[in-house]
Protein chains: 2
Amino acid sequence: MATEGSGTVGKALGVLTLLGEHPHGATAAEIAEEVDYPFSTVYRLLTTLVRTGFAAYDAREKRYQLGLRVYQLGQKVASAHGFEGAALPVLQRLTEVTGESSVLHVRDGDHSLTVHKVDGPQFRTTTDPGDLSPLHTTASGKVLLAFADRATREHLLATLELTPRTEHSITDREELARQVEQIRAQGWAGQSEENDIGMVAVAAPVLSGSNRLIAAVTLAAPKFRADLEDLRRHLAPLQDATAELSVKLPQRP
Amino acid sequence: MATEGSGTVGKALGVLTLLGEHPHGATAAEIAEEVDYPFSTVYRLLTTLVRTGFAAYDAREKRYQLGLRVYQLGQKVASAHGFEGAALPVLQRLTEVTGESSVLHVRDGDHSLTVHKVDGPQFRTTTDPGDLSPLHTTASGKVLLAFADRATREHLLATLELTPRTEHSITDREELARQVEQIRAQGWAGQSEENDIGMVAVAAPVLSGSNRLIAAVTLAAPKFRADLEDLRRHLAPLQDATAELSVKLPQRP
DNA sequence: CCACTACTTCCACATAATGAAAACGTCTGC
DNA sequence: GCAGACGTTTTCATTATGTGGAAGTAGTGG
């Protein structure tokens, strides 16, 4: 992961982000290794993070991990964005009706952030809440890209790194722009094995009253059971769900 | 809120924490005012936070608030501590059986952090997930204090600020120590209008296999409907719940 | 058109971060 | 019981880095 910023604060936040990638914690030396700062620098940053509650140190295991303050603040974000109560039941109903997994995504910079998911009865999707996925290889990502306001859309279209995830991933910028236009026109996006082999998905945007993009809802299924055509048949309930969410999620006009 | 630390990083984290107290965001000037650092310092910190995704700037409203990266990392913490799946059903059952609100708390430094809650049919508790409460005025807090390992227990008992929240709050250090001993002996804690007027609660610890404290579960009710004696009648289902959680929450031996 | 609010940029100065190195604990296996 | 591995903690001279006052820009409203 790239350097998070030049200054001291940037380094600290970089270390914090890196801690997020070690669910079972990491030793100070491991972290210093990974971010490639001198050990004593990392050590000093870590003690500051621990002192403020953003990191926790397990003396027994000699491991640093994310602290509870991060969780605490994360909950504030959740309630500010309406991620807690209202959204889940809508996804649950969507999964009940369609039998497939439904997922709620928001755009986080140049990635798609999984907020909630409800797995279908038959299998489990690969992303969990808190995970980031590329914008150009996922149905939700294409929706989040296509319905972003023009300035960010154009900026992202011009600057996104089109790293392929599978042999079906889009790697051509022109092609992506073309798809984005089509998605804007038809109001939904599809994806077939562009992010994971064996997975297909469709997604639709959750728009506010003033047509600003709030989130995206995805329906995902394993290829062996459904192809893109099958999922298209579930477009109606999917769009019911996004319509309901556009009322229930807090507006930011 | 006290200064979060001396160095630059401490200031940045202080600003971040403060953003958590402004659900609808705050302007750079407001923040500078509240933390009492020079404006340009705060401004620089904010731009770094925004650049890294820890804060978000709403150009329309000219307001800074917590960014999605905080939510993302918060989810990692949640999954590391098993806050997501397993805990909620247990609380739901407890509320079903007792008819009162049940809440899951963990200790976050010298505070009690609300992780989950399930409100009873009749009323709503005052804390939400992500909120902090004092250790000495709440049932959960007293449990978290009483069952912490000896070193931290003694340290907290000696250093906690016993600010009263109501006229019934404990303000005497001796008295608190006495109650803590009793709570350790009897295995649960009670509280009657010590944190909020009109609220009573009982709480019990969730202990790991090796008797280390993991969390606390609280049953809370409004005073007009139940007094402490009434809640004591629900001790059995409460302790069933904590026993179940001690298996379901991830162990950290 | 002036007052107001809020963001943004600049720059001389000194504070605060740096990072190498060494001291300190604590395990582990020989 | 000792050598070595591993990880944390402290120290300190050096200078990069953050500081913060002030001036500049931009939008808003009376």
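Since this is a predicted model, take the numbers as computed values, not measurements.

1. Describing the overall build of chain A
Part 1: Broken down by element type, chain A carries ten helices and eight strands.
Part 2: Taking 2.2 N^0.38 as the reference for a compact globule, 253 residues should give roughly 18 Å; the C-alpha atoms of chain A span a radius of gyration of 20 Å, in line with that estimate.
Part 3: In terms of overall dimensions, chain A has a C-alpha envelope of 55 × 40 × 40 Å along the principal axes.
Part 4: The distance from the centre of the 26 positive side-chain charges to the centre of the 32 negative ones in chain A is 6 Å.

2. What about the packing of aromatic side chains?
Part 1: Inspection of every chain in the model, using the stated rule, returns six aromatic pairs over all chains.
Part 2: Note on Phe 83 of chain A and Tyr 71 of chain B: the rings are 4.9 Å apart at their centroids and 65° apart in plane angle, and the pair reads as edge-to-face. With Phe 83 of chain A in the loop between α4 (68–81) and α5 (87–98) and Tyr 71 of chain B in helix α4 (residues 68–80), this pair bridges two chains. Considered together, Phe 83 of chain A and Tyr 71 of chain B belong to a single accessibility category, that of buried residues.
Part 3: When the ring centre of Tyr 37 of chain A is taken as origin, the NZ or CZ atom of Lys 11 of chain A, which lies over that ring, is 5.4 Å away.

3. Side note on the packing of helix α1 (residues 8–19) of chain B against helix α3 (residues 39–51) of chain B
How two helices sit against one another is set out by the angle between their axes and by the gap between those axes.
Residues and elements named next belong to chain B.
Part 1: Axis separation between α1 and α3 bottoms out at 10 Å; the angle between their running directions is 75°. Relative to α3, the element α1 lies roughly perpendicular. From α1, Thr 8, Lys 11, Ala 12, Val 15, Leu 16 and Leu 19 reach across to α3, where they touch Leu 45, Leu 46 and Leu 49.

4. Looking at the relation of the copies chain A and chain B
Part 1: Rotating chain A by 180° and moving it 0.0 Å along the rotation axis overlays it on chain B with an RMSD of 0.1 Å. With respect to symmetry, the two chain copies, as superposed, fit the operation of a two-fold axis.
Part 2: Both copies share a contact surface, since 100% of the interface residues of chain A are interface residues in chain B too.

5. Quick notes on the domain arrangement of chain A
Part 1: Taken as a whole, chain A is organised into domain 1 (8–71) and domain 2 (82–248).
Part 2: Distance from the C-alpha centre of domain 1 of chain A to the C-alpha centre of domain 2 of chain A: 33 Å.

6. Let's talk about the protein's contact with DNA strand C
Part 1: Near DNA strand C, the surroundings consist of 15 residues, among which Ser 40 and Arg 44 of chain A together with Thr 8, Phe 39 and Tyr 43 of chain B are the closest.
Part 2: Sugar and phosphate atoms constitute 69% of the interface atoms of DNA strand C, taking the interface as everything within 4 Å of the protein.
Part 3: Taking Ser 40 of chain A, its side chain carries an N or O atom lying 3.1 Å from a base nitrogen of DNA strand C.
Part 4: Measuring from a phosphate oxygen of DNA strand C, one finds a side-chain N or O atom of Thr 41 of chain A at 3.1 Å.
Part 5: Every element with two or more residues in the surface near DNA strand C is listed here: α1 (8–19) and α3 (39–51) of chain A together with α2 (28–35) and α3 of chain B.

7. Describing the protein's contact with DNA strand D
Part 1: With respect to spatial proximity, 16 residues lie near DNA strand D, and among them Thr 8, Ala 28 and Tyr 43 of chain A together with Ser 40 and Arg 44 of chain B are the closest.
Part 2: Counting only atoms of DNA strand D within 4 Å of the protein, the sugar-phosphate share comes to 69%.
Part 3: One of the backbone N or O atoms of Ala 28 of chain A is found 3.4 Å from a phosphate oxygen in DNA strand D.
Part 4: In this structure, Thr 41 of chain B approaches DNA strand D through a side-chain N or O atom, which is 3.0 Å from a phosphate oxygen.
Part 5: Mapped onto the surface near DNA strand D, the elements with two or more residues apiece are α2 (28–35) and α3 of chain A together with α1 and α3 of chain B.
Part 6: Per-element tally for the surface near DNA strand D: the top contributor is α3 of chain B, with three residues.
Part 7: Taken together, the residues of the surface near DNA strand D break down into seven nonpolar, six polar and three charged.

8. Some thoughts on the environment of Asp 230 of chain B
Part 1: Turning to its location among the elements, Asp 230 of chain B is positioned in helix α9 (residues 228–232).
Part 2: Distance from Asp 230 of chain B to Val 200 of chain B, taken between C-alpha atoms, is 9.9 Å for residues 30 residues apart in sequence.

9. Examining the nonpolar core
Part 1: One finds Ile 31 of chain A together with Ile 31 and Leu 46 of chain B to be the most contacted residues of the largest nonpolar core, which totals 108 residues.
Part 2: Contacts of Leu 46 of chain B, omitting those with residues within four sequence positions, involve Val 15, Leu 19, Ala 28, Ile 31 and Tyr 64 of chain B.

10. Some thoughts on the side chain of Asp 108 of chain A
Part 1: Mapped onto the secondary structure, Asp 108 of chain A falls in strand β3 (residues 101–108).
Part 2: Asp 108 of chain A has contacts with Leu 113 and Leu 132 of chain A together with Leu 68, Arg 69 and Gln 72 of chain B, leaving out every residue within four places of it along the chain.

Criteria and thresholds
Residues numbered from 1 in each chain as written. Chains lettered and ligands numbered in written order. Predicted model: local features only at pLDDT ≥ 70, side-chain atom pairs only at ≥ 80, totals over all residues. Heavy atoms only, no water. Helix = DSSP H or I, 4+ residues; strand = E, 2+ residues; numbered from the N terminus. Rg over C-alpha atoms; globule rule 2.2 N^0.38 Å. Lys, Arg positive; Asp, Glu negative; His and termini not counted. Charge placed at Lys NZ, Arg CZ, Asp CG, Glu CD. Phe/Tyr/Trp six-rings, centres within 6.5 Å; stacked < 30°, edge-to-face > 60°. Buried < 20%, exposed > 50% of the residue type's maximum accessible area, 1.4 Å probe, protein only. Lys NZ or Arg CZ within 6 Å of the ring centre and 35° of its normal. Axes fitted to C-alpha atoms, helices over the stretch in contact; angles between N-to-C directions. Parallel < 35°, antiparallel > 145°, perpendicular 65-115°, else oblique. Contact = heavy atoms within 4.5 Å. Least-squares fit on C-alpha atoms with pLDDT ≥ 70 in both. Domains from an automatic or database assignment. Near = heavy atom within 4 Å. Polar contact = N/O pair within 3.5 Å; in protein donor to acceptor, adjacent residues only side chain to side chain. Nonpolar A, V, L, I, M, F, W, Y, C, P; charged D, E, K, R; others polar. Core = buried A, V, L, I, M, F, W, Y, C linked by side-chain atoms within 4.5 Å.

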